[in-house]
Amino acid sequence: MRTTIFSQVSIDGKMTLGAGQSSKPLFSMFEPEDVEFIHRFRGQVDGIMVGKNTIVTDNPMLTNRYEDNRNPLRIIPTTSLNLSMDSHVLSDGGRTLIVTTEQGRDEEKIAQLKERNKEVIVCGQEKVDFVELFRRLESEYGVHSLMIEGGGFLNWNVFDLDLVDEIILMQLPVIIGGGTNITLVDGKGYSDLDSAKRFSVAEVLPKKNYTLLHYRKAV
């Protein structure tokens, strides 16, 4: 499966204007054609993944608004099922897969989700097992290309497991700062360069409102 981290970040790698805030204010710096670029990329992949925090703070629809019937499978990994049933991904008719853990299994909530035609699988004991999840996404759900629009914690998990093939960043010309703010990759981090994940530069393309940065996994 080909996995792409796709994100909008500031020059200093921030994804929001502060801890716990939505990323949507940054989108005010884009013009309609910039947003269309994001949505059309969604139409090229089989699945799109975000974490629970993104659902809570942004409440995204995760659809392709520019092409009919070109919506990817929406995949939400979460250690527990305490998602709001008012979330767009749970209240509309789009196909959505919720991935939880044995520890977070809640049969009552699973029944509620299935009543809304949402799919639920358990993958992992206390934490989501992303290696097993990716295997199942490909073998059971036909997901051969995956777009991840997650926050720093979800991104850290998939980078740390060497599951990312490429990175596409729409880098906005703004500095945000903030020591507790969400960055492209958070998590534990690496204390030596040999452990750091390496990518090669595939493309740097200046646009009117952002710079498109494209990286591929180094071989």
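Residues numbered from 1 in each chain as written. Predicted model: local features only at pLDDT ≥ 70, side-chain atom pairs only at ≥ 80, totals over all residues. Heavy atoms only, no water.

*Asks:* Let's hear about the UniProt feature "domain: Bacterial bifunctional deaminase-reductase C-terminal" (unreviewed entry) in the protein: which residues, and what values?
*Replies:* Summarizing the sequence annotation, UniProt attributes the feature "domain: Bacterial bifunctional deaminase-reductase C-terminal" (unreviewed entry) to residues 5–192 in the numbering used throughout. Counting secondary structure, residues 5–192 comes out at 28% helix and 17% strand; the distance between its end C-alpha atoms is 23 Å. (UniProt positions renumbered as here; feature names shortened; annotations may be inferred. Helix = DSSP H or I, 4+ residues; strand = E, 2+ residues; numbered from the N terminus.)

*Asks:* Got a sec to walk through the pairing of strand β4 (residues 96–100)? Specific residues and values, please.
*Replies:* Counting buried positions along β4 yields five of five residues, so the element is predominantly enclosed. Residues T96, I98 and T100 of β4 are buried on one face, and the alternating residues L97 and V99, pointing to the opposite face, are buried as well. Pairing geometry for strand β3 (residues 73–77) and β4, over four bridges, is parallel. When the sheet's bridge partners are listed, I76 is paired in β4 with I98. Of the pairings in the sheet, the one linking β4 to strand β5 (residues 119–122) comprises four bridges and is parallel in character. Paired with V99 across the two strands is I121, which belongs to β5. Regarding topology, helix α4 (residues 107–115) serves as the crossover connection from β4 to the parallel β5, and that connection is right-handed. (Buried < 20%, exposed > 50% of the residue type's maximum accessible area, 1.4 Å probe, protein only. Pairing = 2+ DSSP bridges. Right-handed = clockwise from strand over helix to strand, strands pointing away.)

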